[in-house]
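Below, each chain spelled out in residue letters.
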Amino acid sequence: MADLEAFRAETRAWLEANCPPEMRQPVQDESDVYWGGRRATFKNDAQKAWFEACRDKGYTVPAWPKEYGGAGLSPAEAKVLREEMARISARPPLSSFGIWMLGPALLHFGTEGQKKHFLNQIARGEIRWCQGYSEPGSGSDLVSLQTFGEDKGDHWIVNGQKIWTSYADKADWIFCLVRTDKANKYQGITFMLYDMETPGVTTKPILLISGNSPFCETFFDDVKVPKSYGEDIPAQVGEVNRGWDVAKYLLGHEREMISGADGGARTSAIGAAMKRSAGELDPLLRAELAMFDVDALAYACMGEKFLDEIKVGKAHPAQPNMMKYAGTELNKRRHELFMAAGGSTALEWDSEETRGGARAREWLRTKANSIEGGTSEVMLGVVAKRILELPGA
Amino acid sequence: MPLYHTEDQAMLAETAAQFMGEEGAIGKQLRHWRDRGCKDGFGHDLWKQMAEMGFTGLLVPEADGGLGMGHVEAGIVLEEIGRNLTPSPFLTSSVMAASALAHASAEGKGRWLPGLIAGDSVFAVAIDEGAKHRPERIATRAEKSGNGFRLTGKKDFVVHGASADMIVVAARTAGADDDEDGVTLFAVPKDAAGLGHNSVRLVDSSMASHVTLDGVELDGDAVIGEVDGGRTVLNKVLDAGRVGAAAEGIGVARGSMDMTVDYLKQRKQFGKLIGEFQALQHRAAHLYSEVEIARAATIKAQQLLDAGSEQASLMASVAKAKVGKAAGLAVKEGVQMHGGIGMTDEYDIGLYMKRDRALAEFMGDVYYHADRVARLSGY
């Protein structure tokens, strides 16, 4: 405990010295977040300085081992760092699917060579990754995917189409689910890594109801994927044809992330803030805000309990599905209330005062929360079958 | 503190689950006493057994002869009481009255606590005045009289009031009905002259009184805590009651949900187990998620209360409101998913619905507590 207090003091001092004041404010829009990659640019010097300080300290991925670019912090130390960063509202130094999704998969399933090679690149923000999961015919029923990789000895020839590939147009590499055995539904998928600049890869953004296009369609036309990138660096994660295990593992992470299980700002009470911004509240709106706050504060407790239980292995393996379901439904309600309290101001689409209609765009964006990473209906199905053990239909 | 039970607490939960599952079971207690029209609505033998288990004095400090445990532990016992719909004066006596008596004089403690710990005494708490919980308003008067007080007024929804050896009464010694200050708590013994009961059976077969205080004369040592400054103690009693009722409500919700999920795995219609139907699976999974979230809020509130945190009172209302929503859903879905059999008296699921209704009202309903969350949050 004393060590942890010393670590806290040390961390506080380090943040004081290294986190520029401009980086101690909540993220307002996408340009406030640094995503790394070959084509990345910094919004300003403060963003660059903050990223580089964290990168050199291993704080882009604090809990990863030092030899893979992390700081090797224990879970307790990582929690202290999170708390201290939250205390000064420090922005994340680097956001990436490499950190959230591919990293955990490599840590769990990767070869030593893959870990040294790819994890260090991720930690240093050198390669921006995208995720190739869904296909036009395979959304929630992901295992029905059809993108096919034909075995050509020392390489694969990949053909097919992915959809909802977030930021594929900005990504350098893709981690992609590819069918490599047509006869076997679950044990015929391989989890492959390859460069988006490989000939035959094209992407096209999809315009959404929010007016933004974070998602893309991605096409693979005779894409030649080598089987190896060097000694002990195979192109696939896990075994060939066993990519579904990796995908399932990653979906768990994605659901935790989308559910905001960290008890973060998405699950906090909003009534008091609404009153400050909207003034006197209609009695029925006040009542709805109060009911929402009850649910949000209770959900925050669930988030805390869930994380505590995960640490000691007490949480049911399907619990992230429940958290994802409840958290995303709550977040949608939250934004409905923001819109209701905001009145006509919240409708403005391009005014400067609303930062380009940020509230309305975010409201529309949250409608995807209960679709992406598995729909609410799929989550409920998993809870029914795996936790309540109801009979399979 | 992590939001799950420590090893000791998990052991207590196992003990409580076994005891309530056997001794406190629905057939052995609730139905037994109900079918006999029992005037207490609970069995004194079970209360005595609960004393032998150490449950009765669980919240009483060791220095006063109790176990000196906290609201987490009391909640563990209450959850099992809820799950088995066990009628007992545990919540009113061992949680609420015990929380009040922690602020009593040495004489007051000496007079009341041994009986509680031994399972010989039963206590009630008289706060509400009217059909809805509104503890901000106390109209019952206590006027100075000699070296004591003279109480006049009317109290409602005094659970176990007629069976109680002592009732903790919140009365006004100064100020107007809606004033924060000027409230005093009294320990009113059952045989006090002028104390009257109109005892009625409630929908869940429990007994509650409309209590009349018609010039009830009390000595000065009947005062619990400070004269005129009783609001602080009253708030502690209320928070203990809210969090305790939430814990019992979680037990009711889980008991009802378990029964329902079991039924979904057994009942066949259209040649299929009804649990195979997606419409029911999704509703069951939604219910599970609501009950789990409510349970997390309840454990958090218990821990904050035990830690003496400033956040405890807000979280007590969050827990009571959230459990009100979740348990209400659990019993309604329970009856609906059971279909026709769910409407029969023979089947237990309806008993869960009745108990939930009474608990939902006890110490403030969803609306009262959601409103309180808003007020405490500044809107």
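As the structure is a computational prediction, the values presented were derived from the model and not from experiment. (Residues numbered from 1 in each chain as written. Chains lettered and ligands numbered in written order. Predicted model: local features only at pLDDT ≥ 70, side-chain atom pairs only at ≥ 80, totals over all residues. Heavy atoms only, no water.)

A. Expanded view of the overall build of chain A. Looking only at helices and strands, chain A has eleven helices and eight strands in total. Taken over C-alpha atoms, the radius of gyration comes to 22 Å for chain A, in line with the 21 Å a tight globule of 393 residues would show. The burial tally for chain A puts 53% of its 393 residues in the buried class. When contacts within chain A are restricted to residue pairs at least 6 apart in sequence, those whose partners lie at least 24 apart make up 69%. (Helix = DSSP H or I, 4+ residues; strand = E, 2+ residues; numbered from the N terminus. Rg over C-alpha atoms; globule rule 2.2 N^0.38 Å. Buried < 20%, exposed > 50% of the residue type's maximum accessible area, 1.4 Å probe, protein only. Contact = heavy atoms within 4.5 Å.)

B. Up close: the packing of helix H11 (residues 376-387) of chain A against helix H8 (residues 278-306) of chain B. Viewed as axis vectors pointing N to C, H11(A) and H8(B) meet at an angle of 80 degrees, and their least axial separation amounts to 8 Å. By the criterion of interaxial angle, the relationship of H11(A) to H8(B) is roughly perpendicular. In this structure, H11(A) uses A:Glu377, A:Leu380, A:Gly381, A:Val383, A:Ala384, A:Lys385 and A:Ile387 to contact H8(B), whose residues at the interface are B:Gln281, B:His282, B:Ala285, B:His286 and B:Tyr288. (Axes fitted to C-alpha atoms, helices over the stretch in contact; angles between N-to-C directions. Parallel < 35°, antiparallel > 145°, perpendicular 65-115°, else oblique.)

C. Focus on the nonpolar core. If you look at the biggest cluster of nonpolar residues, it comprises 74 residues, and the most contacted ones within it are A:Leu289, A:Met322, A:Leu390, B:Leu264, B:Tyr288, B:Ile293 and B:Val318. Elements with a contribution of two residues or more to this core: helix H8 (283-311), helix H9 (319-342) and H11 of chain A together with helix H7 (231-264), H8, helix H9 (312-338) and helix H11 (366-376) of chain B. Here the element with the most residues in this core is H8(B); it accounts for 14 residues. When sequence neighbours within four positions are dropped, the list of residues in contact with B:Ile293 reads A:Ala298, A:Tyr299, A:Met302, A:Met322, A:Ala326 and B:Lys322. Grouped together as the second largest cluster of nonpolar side chains are 61 residues, B:Trp47, B:Phe55, B:Leu234 and B:Leu359 included. (Core = buried A, V, L, I, M, F, W, Y, C linked by side-chain atoms within 4.5 Å.)

D. Representation of the UniProt feature "domain: Acyl-CoA dehydrogenase/oxidase C-terminal" (unreviewed entry) in chain B. In this structure's numbering, the residues bearing the UniProt feature "domain: Acyl-CoA dehydrogenase/oxidase C-terminal" (unreviewed entry) are residues 229-375 of chain B. Structurally, residues 229-375 of chain B is divided into 77% helix and 3% strand, and its ends, taken at the C-alpha atoms, are 22 Å apart. (UniProt positions renumbered as here; feature names shortened; annotations may be inferred.)

E. Spotlight on the packing of aromatic side chains. For the structure on display, the rule yields 27 aromatic pairs over all chains. When the ring of B:Phe157 is compared with that of B:Phe362, the centres are 5.8 Å apart and the planes differ by 90 degrees; the resulting orientation is edge-to-face. Linking B:Phe157 in strand S3 (residues 148-159) with B:Phe362 in the loop between helix H10 (349-361) and H11, this pair joins segments that are 205 residues apart in sequence. For B:Phe362, a relative accessible area of 8% translates into the label buried. An aromatic cluster is present here, built from A:Phe118, A:Trp129, A:Trp173, A:Phe175, A:Phe191 and A:Tyr229 joined pairwise through their rings. Its guanidinium or amino end placed over the ring of A:Trp156, A:Lys227 lies 4.6 Å from that ring's centre, counting from NZ or CZ. (Phe/Tyr/Trp six-rings, centres within 6.5 Å; stacked < 30°, edge-to-face > 60°. Lys NZ or Arg CZ within 6 Å of the ring centre and 35° of its normal.)

F. The packing of H9(B) against H11(B), seen in detail. Residue and element names in this part refer to chain B. Closest axis-to-axis distance for the H9/H11 pair is 8 Å, and the angle between their directions is 145 degrees. Note that H9 runs across H11; the crossing there is left-handed. Here Ser 313, Leu 314, Ser 317, Val 318, Lys 320, Ala 321, Gly 324 and Lys 325 of H9 lie close against H11, whose contacting residues are Val 366, His 369, Ala 370, Arg 372, Val 373 and Leu 376. Taken together, the residues of the contact of H9 with H11 sort by class into seven nonpolar, four polar and three charged. (Left-handed = near helix turned anticlockwise from the far one by under 90°. Nonpolar A, V, L, I, M, F, W, Y, C, P; charged D, E, K, R; others polar.)

G. Inspection of unusual backbone geometry at higher detail. All names here are of chain B. Of note in the backbone geometry, Phe 157 takes a positive phi value of approximately 55 degrees without being a glycine. The phi angle at His 160 is positive, at roughly 65 degrees, despite the residue not being glycine. Note that His 160 resides in the loop between S3 and strand S4 (166-172). In this structure His 160 comes out as buried when scored by relative accessible area, which is 6%.

H. Spotlight on the UniProt feature "domain: Acyl-CoA oxidase/dehydrogenase middle" (unreviewed entry) in chain B. Here the UniProt feature "domain: Acyl-CoA oxidase/dehydrogenase middle" (unreviewed entry) sits at residues 137-200 of chain B. Helix and strand shares over residues 137-200 of chain B are 0% and 58% respectively, and the end C-alpha atoms of the span are 24 Å apart.

I. Seen up close, a negative patch on the surface. Residues A:Glu348, A:Asp350, A:Glu352 and A:Glu353 make up a contiguous surface patch of negative charge. Classification of A:Glu353 as exposed rests on a relative accessible area of 68%. (Patch = residues over 30% accessible without salt bridge, like charges linked within 9 Å, V, L, I, M, F, W, Y side chains within 5 Å. Areas by Shrake-Rupley, 256 points an atom, 1.4 Å probe, with all protein chains shown as cover. Salt bridge = Lys/Arg side-chain N within 4 Å of Asp/Glu carboxyl O. Lys, Arg positive; Asp, Glu negative; His and termini not counted. Charge placed at Lys NZ, Arg CZ, Asp CG, Glu CD.)

J. Molecular detail of helix H1 (residues 7-22) of chain B. Residues and elements named next belong to chain B. Under the 1.5 Å per step criterion, the end-to-end length of H1 is 23 Å for 16 residues, consistent within 8% with the ideal 22 Å. Taken residue by residue, H1 has Gln 9, Leu 12, Ala 16, Phe 19 and Met 20 as its buried positions. Axial view of H1: buried residues confined to an arc of 90 degrees, hence all on one face. Across H1 from its buried face, at more than 90 degrees, point the exposed residues Glu 7, Met 11, Glu 14 and Gln 18. In this fold, the buried residues of H1 make contact with helix H3 (44-52) and helix H4 (71-83). (Expected span 1.5 Å × (residues − 1). Arc of directions from axis to C-beta.)

K. Representation of the domain arrangement of chain B in the model. Residue and element names in this part refer to chain B. Entries for chain B in the domain assignment read domain 1 (7-121), domain 2 (125-228) and domain 3 (232-376). Relative placement of domain 2 and domain 3: their C-alpha centres are 30 Å apart. Each side of the interface is counted separately: domain 2 has 18 residues, and domain 3 has 16 residues. Summing both partners gives a buried area of about 1400 Å² for domain 2 against domain 3, and 70% of it is carried by carbon and sulfur. (Domains from an automatic or database assignment. Buried area = accessible area lost by both parts, 1.4 Å probe.)

L. Examining the domain arrangement of chain A more closely. Split by domain assignment, chain A resolves into domain 1 (2-95), domain 2 (127-243) and domain 3 (260-387). For domain 1 of chain A versus domain 3 of chain A, the distance between C-alpha centres works out to 25 Å.

M. Layout of the interface of chain B and chain A. The interface is formed by 41 residues belonging to chain B together with 40 residues belonging to chain A. Across the interface of chain B and chain A, roughly 3400 Å² is buried in total on both sides, 69% from carbon and sulfur atoms. Contact with chain A buries surface across chain B, with B:Tyr4, B:Tyr288 and B:Tyr379 losing the most and accounting together for 22% of the total. Inspection of the chain B/chain A interface yields four salt bridges. Across the pair B:Asp371 and A:Arg286 runs a salt bridge whose closest N-O atoms are separated by 2.8 Å. Between the two partners, chain B and chain A, sit 15 residue pairs in polar contact (both at pLDDT 80 or more). Sorting the residues of the side of chain B that touches chain A by element identifies H7, H8, H9 and H11 of chain B as the ones contributing at least two each. When residues in the side of chain B that touches chain A are grouped by element, the largest group, 14 residues, is from H8(B). The class makeup of the residues in the side of chain B that touches chain A is 24 nonpolar, eight polar and nine charged. (Polar contact = N/O pair within 3.5 Å; in protein donor to acceptor, adjacent residues only side chain to side chain.)

N. Geometry of the pattern of salt bridges. Residue and element names in this part refer to chain A. The full count for this structure, using the stated rule, is 60 salt bridges over all chains. The salt bridge partner of Glu 126 is Arg 124, with a shortest N-O separation of 2.6 Å. Since its relative accessible area comes to 33%, Glu 126 is described here as partly exposed. The network of salt bridges with common partners includes Glu 5, Arg 8, Arg 12, Lys 79, Glu 83, Glu 84 and Arg 87.

O. Quick peek at the pairing of strand S5 (residues 189-195) of chain A. Residue and element names in this part refer to chain A. Among the seven residues of S5, seven are classified as buried, and the element is accordingly described as predominantly covered. On S5, burial covers both faces: Ile 189, Phe 191, Leu 193 and Asp 195 on one face and Thr 190, Met 192 and Tyr 194 on the other are all buried. Bridging between strand S4 (residues 173-179) and S5 involves seven bridges; their strand directions are antiparallel. The partner of Val 178 across the bridge, within S5, is Thr 190. Here S5 runs beside strand S8 (residues 236-237); their pairing, made up of two bridges, is antiparallel. Looking at the pairing, Met 192 lines up with Gln 236 of S8. (Pairing = 2+ DSSP bridges.)

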